[in-house]
2 protein chains.
Amino acid sequence: MSTVETQPGSVGVVETRYVDLPDPVPLDCGRSLSGVVVAYETYGELSPARDNVILVCHALSGDAHAAGTSAAPVAASTRDGFAAEERDGSAPTGLGWWDGMIGPGKAFDTDAYYVVSTNLLGGCSGTTGPSSTDPATGTAYGADFPVVTVADMVRVERAFLDVLGIDRLAAVAGGSLGGMQALEWAVSYPDQVDSIVVIASTHALQPQGVAWNAIAREAIRADPDWQDGHYYGTGRRPDAGMGVARMVGHITYLSAPALDEKFHRRLQFADDLRYTITEPEFEVENYLRHQADSFVRRFDANTYLYISRALSYFDLARQYGEGSLEQALSGVSARTLLIAFSSDWLYPPAGSLEIQEALQALGKQVELHVIDAPYGHDCFLLEEARQTPLIRTFLTGSNP
Amino acid sequence: MSTVETQPGSVGVVETRYVDLPDPVPLDCGRSLSGVVVAYETYGELSPARDNVILVCHALSGDAHAAGTSAAPVAASTRDGFAAEERDGSAPTGLGWWDGMIGPGKAFDTDAYYVVSTNLLGGCSGTTGPSSTDPATGTAYGADFPVVTVADMVRVERAFLDVLGIDRLAAVAGGSLGGMQALEWAVSYPDQVDSIVVIASTHALQPQGVAWNAIAREAIRADPDWQDGHYYGTGRRPDAGMGVARMVGHITYLSAPALDEKFHRRLQFADDLRYTITEPEFEVENYLRHQADSFVRRFDANTYLYISRALSYFDLARQYGEGSLEQALSGVSARTLLIAFSSDWLYPPAGSLEIQEALQALGKQVELHVIDAPYGHDCFLLEEARQTPLIRTFLTGSNP
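Since this is a predicted model, take the numbers as computed values, not measurements.

A word on the overall build of chain A
Helix and strand counts for chain A come out as 14 helices and 14 strands. For 400 residues, the compact-globule estimate of 2.2 N^0.38 gives 21 Å, and chain A sits close to it at 21 Å. With the C-alpha coordinates aligned to their principal axes, the bounding extent of chain A is approximately 65 × 50 × 50 Å. Across the 400 residues that make up chain A, the buried fraction comes to 62%.

Re the environment of B:His230
All names here are of chain B. Its place among the elements puts His230 in the loop between α5 (207–221) and α6 (239–253). Taking the C-alpha atoms as reference points, His230 and Ala143, separated by 87 residues in sequence, lie 6.4 Å from one another. Those residues in contact with His230 that sit more than four places away from it in its chain are Tyr141, Gly142, Ala143 and Asp144.

A word on the interface of chain B and chain A
With 58 residues of chain B at the contact, the number on the chain A side is 58 residues. Summing the contributions of chain B and of chain A, the shared interface buries around 4,900 Å²; its carbon and sulfur component is 70%. Looking at the side of chain B facing chain A, the largest losses of area belong to B:Arg265, B:Tyr275 and B:Ile277, adding up to 17% of the total buried there. For the interface between chain B and chain A, the tally reads eight salt bridges. As a salt-bridge pair, B:Asp315 and A:Arg265 come within 2.9 Å of each other at their nearest N and O atoms. On inspection of chain B and its partner chain A, the count reaches 27 residue pairs in polar contact (both at pLDDT 80 or more). At the level of elements, α5, α6, α7 (256–263), α8 (283–298) and α9 (301–313) of chain B are the ones that each hand at least two residues to the side of chain B that touches chain A. It is α5(B) that contributes the most residues to the side of chain B that touches chain A, 11 residues altogether. Each residue belonging to the side of chain B that touches chain A can be placed in one class, and the counts come to 35 nonpolar, eight polar and 15 charged.

A closer look at helix α5 (residues 207–221) of chain A
Spanning 15 residues, α5(A) covers 20 Å between terminal C-alpha atoms, matching the ideal 21 Å at 1.5 Å per step. Within α5(A), 14 of the 15 residues are buried, which leaves the element mostly enclosed by the surrounding structure.

Looking at the domain arrangement of chain A
How big an interface is tends to be expressed through the accessible area that disappears when the partners come together. All names here are of chain A. Assigned domains within chain A: domain 1 (13–204 + 315–398) and domain 2 (210–304). The gap between the C-alpha centroids of domain 1 and domain 2 is 26 Å. Across the contact, 26 residues belong to domain 1 and 23 residues belong to domain 2. Together, the buried faces of domain 1 and domain 2 total about 2,200 Å²; carbon and sulfur atoms form 59% of this surface. Our enumeration of links across domain 1 and domain 2 arrives at zero salt bridges. Counting the contacts that link domain 1 with domain 2 gives nine residue pairs in polar contact (both at pLDDT 80 or more). Here the side of domain 1 that touches domain 2 is built from residues that sort into 11 nonpolar, 10 polar and five charged.

What to know about the pattern of salt bridges
Residue and element names in this part refer to chain A. Per the stated rule, a full pass over the model turns up 34 salt bridges over all chains. For the salt bridge of Asp239 with Arg237, the shortest nitrogen-to-oxygen distance reads 3.1 Å. Taking relative accessible area as the criterion, Arg237 reaches 16% and is therefore assigned buried. Put simply, Glu283 and Arg266 hold a salt bridge, and the shortest N to O gap is 3.0 Å. Placement of Glu283 in helix α8 (residues 283–298) and of Arg266 in the loop between α7 (256–263) and α8 is noted, with a sequence separation of 17 residues between them.

A closer look at the packing of aromatic side chains
Taken as a whole and assessed by the stated rule, the structure comprises 30 aromatic pairs over all chains. Taking 5.7 Å as the distance between ring centres and 65° as the angle between the ring planes, the aromatic pair formed by A:Tyr313 and B:Tyr275 counts as edge-to-face. Separated into two different chains, A:Tyr313 in helix α9 (residues 301–313) and B:Tyr275 in the loop between α7 and α8 make up a pair that spans both. With relative accessibility at 2%, the residue A:Tyr313 sits in the buried group. We classify B:Tyr275 as partly exposed; its relative accessible area is 24%. Where B:Phe299 meets B:Tyr304, the ring centres are 6.2 Å apart and the plane angle is 90°; that geometry is what we call edge-to-face. Like B:Tyr304, B:Phe299 is buried. Among the aromatic side chains, those forming a connected cluster through ring pairs are A:Trp212, A:Trp345, B:Trp212 and B:Trp345. The cationic tip of B:Arg246 hangs over the ring face of B:Phe295; the distance from NZ or CZ to the ring centre is 4.1 Å. In this structure, B:Arg309 is placed above the aromatic ring of B:Tyr313, and the distance from its NZ or CZ to the ring centre is 5.0 Å.

Remarks on the UniProt feature "binding site: substrate" (unreviewed entry) in chain A
Residue and element names in this part refer to chain A. When the UniProt feature table is mapped onto this chain, "binding site: substrate" (unreviewed entry) is found at Arg246 and Asp378. With the annotated positions falling across 133 residues, the maximum pairwise C-alpha distance of 14.0 Å places them together in a single cluster. By secondary structure assignment, the location of Arg246 is in helix α6 (residues 239–253). Along the polypeptide, Asp378 turns up in the loop between β14 (366–371) and α13 (379–382). Residue Asp378 is classed as buried on the basis of its relative accessible area of 17%. Residues within four places of Asp378 in sequence aside, it is in contact with Tyr253 and Leu254.

Here's the deal with the pairing of strand β13 (residues 335–341) of chain B
Residue and element names in this part refer to chain B. Among the seven residues that make up β13, seven are buried, leaving the element largely enclosed by the rest of the structure. Side chains Arg335, Leu337, Ile339 and Phe341 of β13 all project onto a buried face; the interleaved residues Thr336, Leu338 and Ala340 project onto the opposite face, where all are buried too. Relative to β13, strand β12 (residues 195–199) runs parallel, the two sharing five bridges. Along β13, the bridge assignment pairs Val198 with Leu338. Relative to strand β14 (residues 366–371), β13 runs parallel, the two sharing six bridges.

So, the side chain of A:Ser117
All names here are of chain A. Residue placement: Ser117 occurs in strand β10 (residues 114–118). With relative accessibility at 0%, the residue Ser117 sits in the buried group. Polar side-chain contacts of Ser117 include one of 2.9 Å to the backbone oxygen of Ala64. Ignoring sequence-local partners within four residues, the contact set of Ser117 consists of Ala39, Tyr40, Glu41, Tyr43, Val56, Asp63, Ala64 and Ala66.

Conventions adopted
Residues numbered from 1 in each chain as written. Chains lettered and ligands numbered in written order. Predicted model: local features only at pLDDT ≥ 70, side-chain atom pairs only at ≥ 80, totals over all residues. Heavy atoms only, no water. Helix = DSSP H or I, 4+ residues; strand = E, 2+ residues; numbered from the N terminus. Rg over C-alpha atoms; globule rule 2.2 N^0.38 Å. Buried < 20%, exposed > 50% of the residue type's maximum accessible area, 1.4 Å probe, protein only. Contact = heavy atoms within 4.5 Å. Buried area = accessible area lost by both parts, 1.4 Å probe. Salt bridge = Lys/Arg side-chain N within 4 Å of Asp/Glu carboxyl O. Polar contact = N/O pair within 3.5 Å; in protein donor to acceptor, adjacent residues only side chain to side chain. Nonpolar A, V, L, I, M, F, W, Y, C, P; charged D, E, K, R; others polar. Expected span 1.5 Å × (residues − 1). Domains from an automatic or database assignment. Phe/Tyr/Trp six-rings, centres within 6.5 Å; stacked < 30°, edge-to-face > 60°. Lys NZ or Arg CZ within 6 Å of the ring centre and 35° of its normal. UniProt positions renumbered as here; feature names shortened; annotations may be inferred. Pairing = 2+ DSSP bridges.

Right under this line is the structure:
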């Protein structure tokens, strides 16, 4: 992994690489996947003892490019059908999605740790997903891709680390769906994880979150251009449906006060109503449409469907505890850092509190910090300065 | 108006009637509408002095059938193109949408008051709207229907009451969009309104509410079956898009705790995941789809677009106060009853508080009651028992 230092605190220019998993991956749904490719990036240096690895897991719309600046996106276009043919761009470009948290001296300090980031199973940025070619047919999976779970994602991450020769993780960290993966790691591989950092996440989405995900999927499914999930190569993509899905998501990631502070009720054209039912009239309407337009250019609708489904399924108590969260967490040995945000109504602090209480009842090492911040769920990407000392202190405790 | 008492507290069997407005109605957008029809129902008896009239205004998806049980829906099918050709049903059927609040001895007591309810301008249940026939072309307006505002709705209500020979209103009452109409009445016709009852409403939607409405419109607009708003008579309707719009609306009308209490994370098939990205898996997902399916059978998508737009435009401070709510309300002479609900995050109590404070600063008669109830915005339709004494006491004060 060649990284070039470009500015203080940055991991520099990075490149997304790819690994082929040698064995088929068994899935919760009963099927298995052969020929799985995993896209990944690494930052920092692996210690000779291979004991300084932090796995960073991304949220719904993320990718392997968590930190630094992307090198030219060459590799992806040869490995990823969606990237090459369906997207305007291809591999991740620009700054990594968690660049403020990963780098020399940052929360995940690359002077001390070897940080590994992968695109998750079902993704559309290099790791095998519905836009990938099914080796059995030679065409894209589309909706024939198996339905995957967070446990399946973690199983792929485990197999991927095997290829890299990494047995133990000093930490697994992530926000939102990334935090679910961290929790899943602690439960599924208790002997291989020293600590987990679970940010703006939960052990199970509340029903309102399940509903938002269902609405997003319905918007995509209802778009005739979705074509029952087999739109690759047809020249038609369900951009309209995914645009609506993204708008719903976007509003749920922000708090009402944050939207009010950012847009008020400002009109696009001063106080001059245009009397239109189809065009944006308020600034917030224009913003939403812009967010949707840029998202559909970089993201695959089927991946959105599959990952949204995995988010809804995730439920530690159901999966591992016969309905009891405490029972599900009984085998955890990782130290746990939980961070939640006061204004996050999609993943409210109550969910983190339930995890804390279950772990405390079991006598496990756990700390919860609820940060009072106004930006809703998006805080986990925005409130870097206030998360950094919490995470650094916590990690120092695990690997002094 | 023939009403037959069918059970205690009921106004009995009622019939929706229709009035043709004699004059064109000027609209805020600069256009005017000729040949406007207004669908209405009445409950109780008009006093000889014609001083006991309460106008009840409905919310986004309501109609003129506010109380009692509908007679056979004959008239509507001859007056309303959408009702006759496009909908499975036609005129409103079943119990009125505010039956718990209107009747002998109820909040709006038909032993004392003559309660009048109309379908609003732009509606799809008898009053002229986008599904009505444009007299200039002989075909349905579709998206050529003028963009209407809450002020336009109230202007039509005023013209309709002129036809009935009613000058003054003892009260104007409504929830949500209905409350906006009541506020608009108090501002636009201050000498003709004795009191207003404004429930779960606001003087201007917050930006998050504007965003939800924009997403709903986007879902309809993105449906190819919308056909730029000219789908009548084509055999194709944007049911899929309006289904998504309704799902979004439905979740915003409920609180997260209410959804949790009602559905938890229960699966449709016990604890047996089916691993599907397209079918409902959780009970809340099935519920949403059912809500959407039943809604698209009874409601017109263009009406949804137009009314949603009117909701977003409504802004008393912008319309009448050069940005100042106090200035906008300075001419109000009606006594004002405001009711809000603690768990209503779409029309949060803060909006009602702002109205109260502005009216108090002006020395007007106003009272605000925030009811602590868990069901979100839908409380205005559900919490009848707790609203009733507030409304009865308030109305008695105005018309002892």
